[in-house]
Amino acid sequence: MPSSPAPPAHVLVLGGTAEARALAAVLAVRPGVRVTTSLAGRVARPGALAGAVRVGGFGGAEGLAAWLRAHRVDALVDATHPFAASITANAARAAAATGVPAVVLRRPGWSPGPGDRWHPAASLPDAATLLPGLGRRVFLTTGRLGLAAFAHLADLHFVVRSVDAPEPPMPPDTHVLLARGPFTVADEAKLLREHRIDVVVTKDSGGAATAAKLTAARERGLPVVVVRRPPLPEGVTAVPDVAGALAGLGLAQ
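In short, a report on the structure. (Residues numbered from 1 in each chain as written. Predicted model: local features only at pLDDT ≥ 70, side-chain atom pairs only at ≥ 80, totals over all residues. Heavy atoms only, no water.)

**Quick look at the nonpolar core**
Part 1 of the argument: Core analysis: the biggest nonpolar cluster contains 19 residues, and Leu131, Phe150, Phe158 and Val201 have the highest contact counts within it.
Part 2 of the argument: Taken together, the elements giving at least two residues each to this core come down to helix H4 (124-130), strand E7 (137-141), strand E8 (157-162), strand E10 (199-203) and strand E11 (223-227).
Part 3 of the argument: At 3 residues, H4 tops the list of elements feeding residues into this core.
Part 4 of the argument: Residue contacts for Leu131: discarding those within four places in its chain leaves Val138, Phe150, Leu153, Leu156, Phe158, Val199, Val201 and Val225. (Core = buried A, V, L, I, M, F, W, Y, C linked by side-chain atoms within 4.5 Å. Buried < 20%, exposed > 50% of the residue type's maximum accessible area, 1.4 Å probe, protein only. Helix = DSSP H or I, 4+ residues; strand = E, 2+ residues; numbered from the N terminus. Contact = heavy atoms within 4.5 Å.)

**A short note on the environment of Leu145**
Part 1 of the argument: Relative to the assigned elements, Leu145 resides in the loop between E7 and E8.
Part 2 of the argument: The sequence separation of Leu145 and Ala102 amounts to 43 residues, and the corresponding C-alpha distance is 28 Å.

**Structural notes on the sheet that holds strand E12 (residues 238-239)**
Part 1 of the argument: The sheet built from 6 strands is open, its strands ordered E3-E2-E1-E4-E5-E12 with parallel pairing. Every other strand in the sheet has two partners, leaving strand E3 (52-55) and E12 as the edge strands with one partner each.
Part 2 of the argument: Alignment of strand E2 (residues 33-39) against E3, held across 4 bridges, turns out to be parallel. Across the sheet, residue Thr36 finds its bridge partner in E3, namely Ala52. (Pairing = 2+ DSSP bridges.)

**Structural notes on the environment of Ser86**
Part 1 of the argument: You can see Ser86 is positioned in helix H3 (residues 85-98).
Part 2 of the argument: By relative accessible area, Ser86 is classed as partly exposed at 49%.
Part 3 of the argument: Once the C-alpha coordinates of Ser86 and Ser111 are considered, the two residues, 25 residues apart in sequence, prove to be 25 Å apart.

**Focus: helix H5 (residues 185-194)**
Part 1 of the argument: For H5, every residue scored as buried is listed here: Glu188, Ala189, Leu191 and Leu192. Buried residues in H5, looked at end-on, bunch into an arc of 160°, giving them a common side. Exposed residues on H5 whose side chains face more than 90 degrees from its buried face are Ala186 and Glu194.
Part 2 of the argument: Contacts made by the buried residues of H5 are with E7, E8, strand E9 (174-178), E10 and helix H6 (212-220). (Arc of directions from axis to C-beta.)

**Quick look at the environment of Pro8**
Part 1 of the argument: Take Pro8: it is sitting in the segment before strand E1 (9-14).
Part 2 of the argument: Take Pro8: its relative accessible area is 39%, and that puts it in the partly exposed class.
Part 3 of the argument: Placed 66 residues apart in sequence, Pro8 and Asp74 show a C-alpha to C-alpha distance of 9.4 Å.

**Thoughts on the pairing of E1**
Part 1 of the argument: Of all 6 residues making up E1, 5 are buried, and the element is well covered by its neighbours.
Part 2 of the argument: Two strands pair when backbone bridges link them, and E1 and E2 are joined in this way by 6 bridges, in the parallel orientation. When the sheet's bridge partners are listed, Leu12 is paired in E2 with Thr36.
Part 3 of the argument: Handedness of the crossover joining E1 and E2 through helix H1 (residues 18-28) is recorded here as right-handed. (Right-handed = clockwise from strand over helix to strand, strands pointing away.)

**Things to note about the side chain of Thr80**
Part 1 of the argument: Mapped onto the fold, Thr80 is located in the loop between strand E4 (75-78) and H3.
Part 2 of the argument: Setting aside its immediate chain neighbours within four residues, Thr80 contacts Leu14, Gly15, Thr17, Ile87, Thr88, Leu105 and Arg106.

**Comments concerning the sheet that holds E7**
Part 1 of the argument: Strand order in the open sheet formed by 6 strands is E6-E11-E10-E7-E8-E9, and the pairing between neighbours is parallel. One side of each edge strand has no neighbouring strand; the edge strands of this open sheet are strand E6 (117-121) and E9. Going across the sheet, the axis of each strand differs from the next one's by a mean of 20°, ignoring polarity.
Part 2 of the argument: For E7 and E10, the ladder comprises 4 bridges, and the chain directions are parallel. Its bridge partner being in E10, Leu140 is matched across the sheet by Val201. (Axes fitted to C-alpha atoms, helices over the stretch in contact; angles between N-to-C directions.)

This is the structure we're talking about:
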């Protein structure tokens, strides 16, 4: 009697980034592989994803470990945002607790070039302390969930851009732009000009999709406060792209 074929390998991708979407698309068409992408649910209208999708948290490292066991996950890829430090820490602990092989996929960070006027900050509160000495009209592109760090800066005007509407607390003088990227350098230059921006604040998200604002700021000679990434958990290293993630999973072409 012929033996039953082996079930497809189950890969869980902790997503929310363009890299996670690209990886899911590749894995979804791989023979012998099924992929589930997990989204935290912070964006109301996420883009389409290949394979299965789940939305919502796991309940910490213990909850994620239980999910890995219950759904017979064979490999875990943490492809969350570079600033999703708690999720990354939980993923590392869950992988260690279950013995599930894990890969961290992180796009490389940005590096300043000639003409850039970058001011590094260790955190959003640290960025807020730098602003009064740099400008009065701020283009704040750090996401809708971190505005509380700037809420006390009543003397500055903020332009905040996000996919979904931010919630208070936020600075009292705030103009919200709802838009989804990517944006071109021309788009960003127009925004900086029309809103008379004199300082930009961003996280070091890396990648080309959100880098146009840095080029536009350089061309206008504007200072940019760049919030550094949180460190990876001890003993964890990252791969920079989808090809690296596939190699880490043993699925390199």
